[in-house]
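Listed here are the chains, written in short residue letters.
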Amino acid sequence: MTNLKKAITLLVVLISFVEYSNAQEIELNKYKFGEGVSFSGKDRNYKMEISGYLQPYTESKKYLDNDDATLYNRMRMRRARLNFSGSSKKEKISYRLQLDLTGGGEGDDSMGSLIFDAWIGYDLTKRIKLTFGQKATSTDNRELGMRSNTLQLVERSPISGAFASIREFGFFAESSYKISKQSYIKPEFAITNGDGINVFRKDHGGLKYGGRIDYLPFGLFNNFGQYRQADIERELTPKFIIGATYSYNVGISDRRGSQSGTILYLDAQNKELLPDYVKHGVDFLFKYRGFSLLGEYIKASARVPSGITQRVKVDGTIAIDFEDANNNPIPIENYIKGRMMIGEGYNLQSGYVFKNLISIDGRISYFKPETNSFLNNGTYYNRSNYYTLGFTKYLARNYGAKIQLDCTYINAKSGSNDINGNLIKGDEFLTRLITTISF
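Remember, it's a predicted structure, so these values are computed and weren't measured experimentally.

Caption draft 1: Molecular detail of the overall build of the chain. Each helix and strand counted, the chain has three helices and 22 strands in total. Since a compact globule built from 439 residues should have a radius of gyration of about 22 Å, the 23 Å found for the chain is in line with a globular shape. Across its three principal directions, the C-alpha atoms of the chain cover 70 × 50 × 45 Å. Burial status across the chain gives 50% buried among its 439 residues. Put simply, 64% of the contacts in the chain that link residues at least 6 apart link residues at least 24 apart. For the chain, the exposed area adds up to about 20900 Å²; of that, 59% sits on carbon and sulfur atoms. Within the chain, one finds 58 positive and 47 negative side-chain charges whose respective centroids are separated by 7 Å.

Below, the structure is given as structure tokens:
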């Protein structure tokens, strides 16, 4: 999408917002540090909120047991988000528009984008909500449903970076049922484009179908705690949620269904023919009196149709050769899987927020890729274990402002490269620092 189209889209949205606001005669309701400012109509039917946050970031990477003594440093504005949301009780409508002002996205390989969330929801019943637009999908692991300014550690886990599609465009349905005095069950379903965020070009492949089902045996979390990581609320009673996800993406055109049109294949008639991507997982979150524990498991696999005979190169030309890194011919299925994020992994992280608002957190992440998988790529992956220890100082009893430092020890397997493509002999050590200011 060009910058002009982005500007026109944003202008239309803002004009519509202003016109609707004038019709409702909204007035300032309250401002809460870290949560934003809220407005409401005089009849209290309409409510609107504006919030956002900034996250300046720096990191330093060192390759261990290597001839290279260089510290590779990087500084940037990691996130700069602005969020508009609102609802109308009488009309049973809600909406959200979230803008990313850095153009960097959630992952380092994400396409630059202005619009992150852009959806409108309708409460079909008291228990069922339907949503159309672009938003975080329930078929990702639990961590992806948690806001970036509430993360326990500086960054999301490498498991999220490897398997998540982050945001998608389509239809979403979510519901909540109270099945006993305290327990709830929450099913969610989604039919999306399966091509990730901001797809305004040609649609490749088919749709993505999936869902999630969550179970809360001890009641709901306080202050949306299931969508936030550290237990800054200090839950007075144990809170627990466990869930399972499944998705089937018909014909993906990249490594995991997060971008559109980056990897394409053809059949003998020069018609597009793409592999399917299947993903499932289980995850849970526990919180109690400042302690939190998050666990996630994901497995992804590919189904490659037998009719693929050609591939589209980066420059747009067509090739019939399917070769490994040494230019040796390999089976077409192995070649295709070698460019996809397939395999399994888990993430386990825990932490404790002390009453003085200092938090100590830790995380272990593990990858087990298939024999043919891009997770074996020496430059970007080919790392099996990640061990992270982090420290956070919250400047208020909420997520409004905090300073975070974490250190990660990474086991690099044989054949791994540094950022310049040179083979490394040992492991890696990564230090990251981030400051969050929410408003």
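Caption draft 2: Representation of the nonpolar core within the structure. Counting 27 residues, the largest nonpolar core has Phe-163, Tyr-265 and Tyr-277 as the members making the most contacts within it. When near neighbours in sequence (up to four residues on either side) are disregarded, Tyr-277 contacts Phe-163, Ser-247, Tyr-248, Asn-249, Ile-252, Arg-255, Arg-256, Ala-300, Ser-301, Met-340, Met-341 and Ile-342. One finds Met-146, Tyr-184, Leu-216 and Ile-241 within the second-largest nonpolar core, a separate group that totals seven residues.

Caption draft 3: Structural context of the pattern of salt bridges. Applying the stated criterion across every chain, the model contains 20 salt bridges. Across the salt bridge formed by Arg-79 and Glu-155, the nearest N and O atoms sit 3.3 Å from each other. Of this pair, Arg-79 sits in strand β4 (residues 72-88) while Glu-155 sits in the loop between β7 (128-136) and α2 (158-163), placing them 76 residues apart in sequence. Here Arg-79 matches Glu-155 in class, with each residue buried. A salt bridge links Arg-212 to Asp-283; the nearest nitrogen and oxygen atoms lie 2.8 Å apart.

Caption draft 4: Region of interest: the side chain of Ser-51. Tracing the chain through its elements places Ser-51 in strand β3 (residues 46-63). Taking the relative accessible area as the measure of exposure, Ser-51 reaches 6% and is therefore buried.

Caption draft 5: Local environment of the pairing of strand β5 (residues 93-100). Across eight bridges, the pairing between β4 and β5 is antiparallel. Looking at the pairing, Arg-81 lines up with Asp-100 of β5. Taking the residues between adjacent antiparallel strands as the criterion, β4 and β5 are bridged by four residues, where Lys-92 takes a positive phi near 60 degrees. Summarising the sheet, β5 and strand β6 (residues 115-123) pair through seven bridges and their orientation is antiparallel. Along β6, the bridge assignment pairs Gln-98 with Asp-117.

Caption draft 6: Seen up close, the pairing of β6. As paired elements, β6 and β7 share six bridges and run antiparallel to each other. In the strand pairing of β7, Gly-121 is matched with Thr-131. Linking two consecutive strands that pair antiparallel, namely β6 and β7, is a turn of four residues.

Caption draft 7: Region of interest: the sheet that holds strand β13 (residues 264-267). Read across the open sheet, the three strands follow the order β13-β16-β17; overall the sheet is antiparallel. Every other strand in the sheet has two partners, leaving β13 and β17 (318-319) as the edge strands with one partner each. Bridging between strand β16 (residues 308-312) and β17 involves two bridges; their strand directions are antiparallel. Its bridge partner lying in β17, Arg-311 is registered against Ala-319.

Conventions and cut-offs
- The residue count restarts for each chain, going from 1 along the sequence in the order it is written.
- Only residues with pLDDT of 70 or above have their local features reported here, since the model is predicted, and side-chain atom pairs are shown and tallied only from 80 upward, although totals for entire chains, interfaces and linings are computed over all residues.
- Note: side-chain values were computed over all heavy atoms of the structure, leaving out hydrogens and water.
- By definition, any uninterrupted DSSP run of H or I lasting at least four residues is a helix, any uninterrupted run of E lasting at least two residues is a strand, and each is numbered from the N terminus.
- Restricting the calculation to C-alpha atoms gives the radius of gyration, and the globule rule supplies 2.2 Å times the number of residues raised to the power 0.38.
- Relative accessibility thresholds used throughout: buried, under 20% of the residue-type maximum; exposed, over 50%; partly exposed, between the two (1.4 Å probe, protein chains only).
- What makes two residues a contact is simply this: any of their non-hydrogen atoms within 4.5 Å.
- Where accessible areas are quoted, they stem from the Shrake-Rupley method and a 1.4 Å probe; at the residue level, only the protein chains shown are allowed to cover.
- We count Lys and Arg on the positive side and Asp and Glu on the negative side, and we leave His and both chain ends out.
- Charge coordinates come from a single atom per side chain, which is NZ of Lys, CZ of Arg, CG of Asp or CD of Glu.
- Side-chain atoms within 4.5 Å are what join buried Ala, Val, Leu, Ile, Met, Phe, Trp, Tyr and Cys residues into a set we call a nonpolar core.
- By convention in these notes, a salt bridge is any Lys or Arg side-chain nitrogen within 4 Å of a carboxyl oxygen on Asp or Glu.
- A pair of strands is labelled paired if DSSP reports no fewer than 2 bridges between them.

Don't take any of this as a statement about function, it's just geometry.
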